[in-house]
Amino acid sequence: MNDQIAGAAIEIRGLTKTFGSVRAVDDLSFTVAPRTVTGFLGPNGAGKTTTLRMLLGLVSADTGTATIGGRPYAELARPNDVVGAALEASGFHPARSGRHHLAIYCRVNGYPLNRADEVLATVGLTSAASRSVGGYSLGMRQRLALAAALLGDPTVLVLDEPANGLDPEGIVWMRSLLRKLAGEGRTVLVSSHVLTEVQQLVDHVVIINHGRLVQQGPLSDLFAQQASVLVRTPHAERLATALTSATGGQIERTSPDTLHVAGMDIAAVGHIAYAERVELHELTTQHSDLEEVFFSLTAAERPSTR
Ligand SMILES: Nc1ncnc2c1ncn2[C@@H]1O[C@H](COP(=O)(O)OP(=O)(O)OP(=O)(O)O)[C@@H](O)[C@H]1O
């Protein structure tokens, strides 16, 4: 790996960008740590692409900073050796082969030509290397875009919708590749709005909506925060009263003998049931998927223009 900036974190601080009356990115701050695969998530128009473009020096910020290893992209000595980016998989000339494309990038950036075959092997395109890209599936073009991003052996990878077009086997493959790259000390940022796919790829998330940070942290913490406890008991009303007075947990009675308790873990609910001598027939943690968590976090956000 290139060690110009070993273990470089991405730091976004107070970043703001306005297009006319639209505040695309609004005082956004977050950190992407090395050794993680971080999902950069938000609905359409949330400001993901604008943020990534500011990070990569393609758009200037109104205020705030976006740095890689403490430096803005424009101040990196050989940025392609530090940051590998795949923002879209559609910019390939259809008549050129995958290998030809990568050979051009090698020449432009001064990399040895054998890097092209190395990264083609990394992304599983060796057997298709000589075929023209016009005949590639979307998934193959995604792999080629990833290969191009890996050419400079970068410390930081920024990938926009990398799972788009991959079949389930391809997603499993990408997950193991991204984890391996992160395990080597790289910083991997993956933007997506397809939450079920990204849930399988990432271990951390940064969620934005209307240009503002909604949540960041390990995926496991997010799920733990959003988990609820299901209780089945013949004494649902008595237990609901005890739970309500003991904590700030939100209790919903979904049937005569069933309660859903948010904001408390299973041990706390079990403890209160035991103290109240309430007989339990079921006590389980209910996990949401990322889509449910995402909608509950972004549902009450304010509109994007002001
Ligand atoms: N060059 C531009 N001129 C005007 N408005 C823009 C420009 N680029 C982005 N916007 C607006 O800024 C907002 C954020 O857009 P952005 O593309 O960053 O969102 P996104 O989260 O990447 O969305 P998507 O998932 O659809 O790609 C949107 O309202 C968009 O219309």
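Residues numbered from 1 in each chain as written. Predicted model: local features only at pLDDT ≥ 70, side-chain atom pairs only at ≥ 80, totals over all residues.

Draft legend 1. Summary view of the overall build of the protein. What the protein contains, in helices and strands, is eleven helices and 14 strands. For the C-alpha atoms alone, the extent of the protein along its principal axes is close to 75 × 45 × 35 Å. Per-residue burial over the protein gives 38% buried out of 306 residues. Restricting the contact set of the protein to residue pairs at least 6 apart, pairs at least 24 apart contribute 70%. (Helix = DSSP H or I, 4+ residues; strand = E, 2+ residues; numbered from the N terminus. Buried ≥ 20, exposed ≤ 12 C-beta atoms within 10 Å, placed from the backbone. Contact = placed C-beta atoms within 7 Å.)

Draft legend 2. Fine view of the domain arrangement of the protein. What the domain assignment lists for the protein is domain 1 (10-223) and domain 2 (228-286). Relative placement of domain 1 and domain 2: their C-alpha centres are 44 Å apart. (Domains from an automatic or database assignment.)

Draft legend 3. Local environment of the packing of helix 9 (residues 236-246) against helix 10 (residues 266-275). With their axes 10 Å apart at the nearest point, helix 9 and helix 10 run at an angle of 120° to one another. As far as their axial angle goes, helix 10 and helix 9 are oblique. When the axes of helix 9 and helix 10 are compared, the crossing they make is right-handed. Residue-level contacts link Leu 239, Ala 242, Leu 243 and Ala 246 of helix 9 to Val 269, Ile 272 and Ala 273 of helix 10. Looking at the contact of helix 9 with helix 10, its residues break down into seven nonpolar, no polar and no charged. (Axes fitted to C-alpha atoms, helices over the stretch in contact; angles between N-to-C directions. Parallel < 35°, antiparallel > 145°, perpendicular 65-115°, else oblique. Left-handed = near helix turned anticlockwise from the far one by under 90°. Nonpolar A, V, L, I, M, F, W, Y, C, P; charged D, E, K, R; others polar.)

Draft legend 4. Highlighting helix 6 (residues 168-183). Helix length check: helix 6, at 16 residues, gives a terminal C-alpha distance of 22 Å against a target of 22 Å (1.5 Å per residue), a fit within 8%. All of the buried residues in helix 6 are Met 174, Leu 177, Leu 178, Leu 181 and Ala 182. Each buried residue of helix 6 sits inside an arc of 130° when the element is viewed along its axis, so together they form one side. For helix 6, exposure combined with an orientation more than 90 degrees from the buried face picks out Pro 168, Glu 169, Ser 176, Lys 180 and Gly 183. The positive-phi residue at the C-terminal boundary of helix 6 is Gly 185, with phi of around 110°. (Expected span 1.5 Å × (residues − 1). Arc of directions from axis to C-beta.)

Draft legend 5. Summary view of the sheet that holds strand 11 (residues 228-232). Strand order in the open sheet formed by four strands is 12-13-11-14, with antiparallel pairing between adjacent strands. At either end of the open sheet lies a strand with only one pairing partner, and these are strand 12 (250-255) and strand 14 (282-286). Strand after strand, the sheet turns through a mean of 20° between neighbouring axes, direction not considered. Bridging between strand 11 and strand 14 involves five bridges; their strand directions are antiparallel. Bridge pairing in strand 14 links Val 229 to Thr 285. Here helix 10 sits on the sheet in contact with strand 11, strand 13 (258-262) and strand 14, set at roughly 160° to strand 14. (Pairing = 2+ DSSP bridges.)

Draft legend 6. Spatial organisation of the site of the ligand. What surrounds the ligand is a group of 13 residues, the closest being Phe 19, Ala 24, Asn 44, Thr 49 and Thr 50. At the level of elements, strand 2 (22-32) and helix 1 (48-55) are the ones that each hand at least two residues to the shell around the ligand. The leading source of residues in the shell around the ligand is helix 1, at three residues. Along the lines of polarity and charge, the residues of the shell around the ligand split into four nonpolar, eight polar and one charged. (Near = placed C-beta within 6 Å.)

Draft legend 7. Molecular detail of the packing of helix 3 (residues 98-109) against helix 5 (residues 138-150). Two numbers describe how helix 3 lies on helix 5: the axes approach to 10 Å, and their chain directions differ by 25°. It follows that helix 3 is roughly parallel to helix 5 by the angle criterion. The interaxial crossing formed by helix 3 with helix 5 has right-handed handedness. Taken together, the residues of helix 5 that come into contact with helix 3 (itself represented by Gly 98, His 101, Leu 102 and Tyr 105) are Leu 144, Ala 147 and Ala 148. Residues of the contact of helix 3 with helix 5, tallied by class, amount to five nonpolar, two polar and no charged.

Draft legend 8. Geometry of the nonpolar core. In terms of nonpolar packing, the biggest core is built from 66 residues, with Ala 147, Ala 149, Val 158 and Val 190 touching the most fellow members. In terms of residues, this core owes the most to one element, helix 5, which gives eight residues. Those residues in contact with Val 158, other than ones at most four positions away along the chain, are Leu 52, Leu 55, Leu 56, Val 83, Ala 85 and Leu 189. Judged by nonpolar contacts, the second largest core, of eleven residues, contains Leu 243, Leu 259, Val 261 and Ile 272. (Core = buried A, V, L, I, M, F, W, Y, C linked by C-beta atoms within 7 Å.)

Draft legend 9. Broad picture of the sheet that holds strand 10 (residues 212-218). The six strands lie next to each other as 6-7-8-3-9-10, forming an open sheet whose pairing is mixed. Of all the strands in the sheet, just strand 6 (83-86) and strand 10 have a single pairing partner and so form its edges. Adjacent strand axes in the sheet meet at a mean angle of 15° when their direction is disregarded. As paired strands, strand 9 (residues 204-209) and strand 10 are joined by six bridges and run antiparallel to one another. In the sheet register, Asn 209 faces strand 10, and the bridge partner there is Arg 212.

Draft legend 10. Fine view of unusual backbone geometry. The phi angle at Asp 153 is positive, at roughly 50°, despite the residue not being glycine. Position of Asp 153 relative to the elements: it lies in the loop between helix 5 and strand 7 (156-160). You will see that Glu 161, though not glycine, has its phi angle at about 50°, which is positive. Topologically, Glu 161 is positioned in the loop between strand 7 and helix 6.

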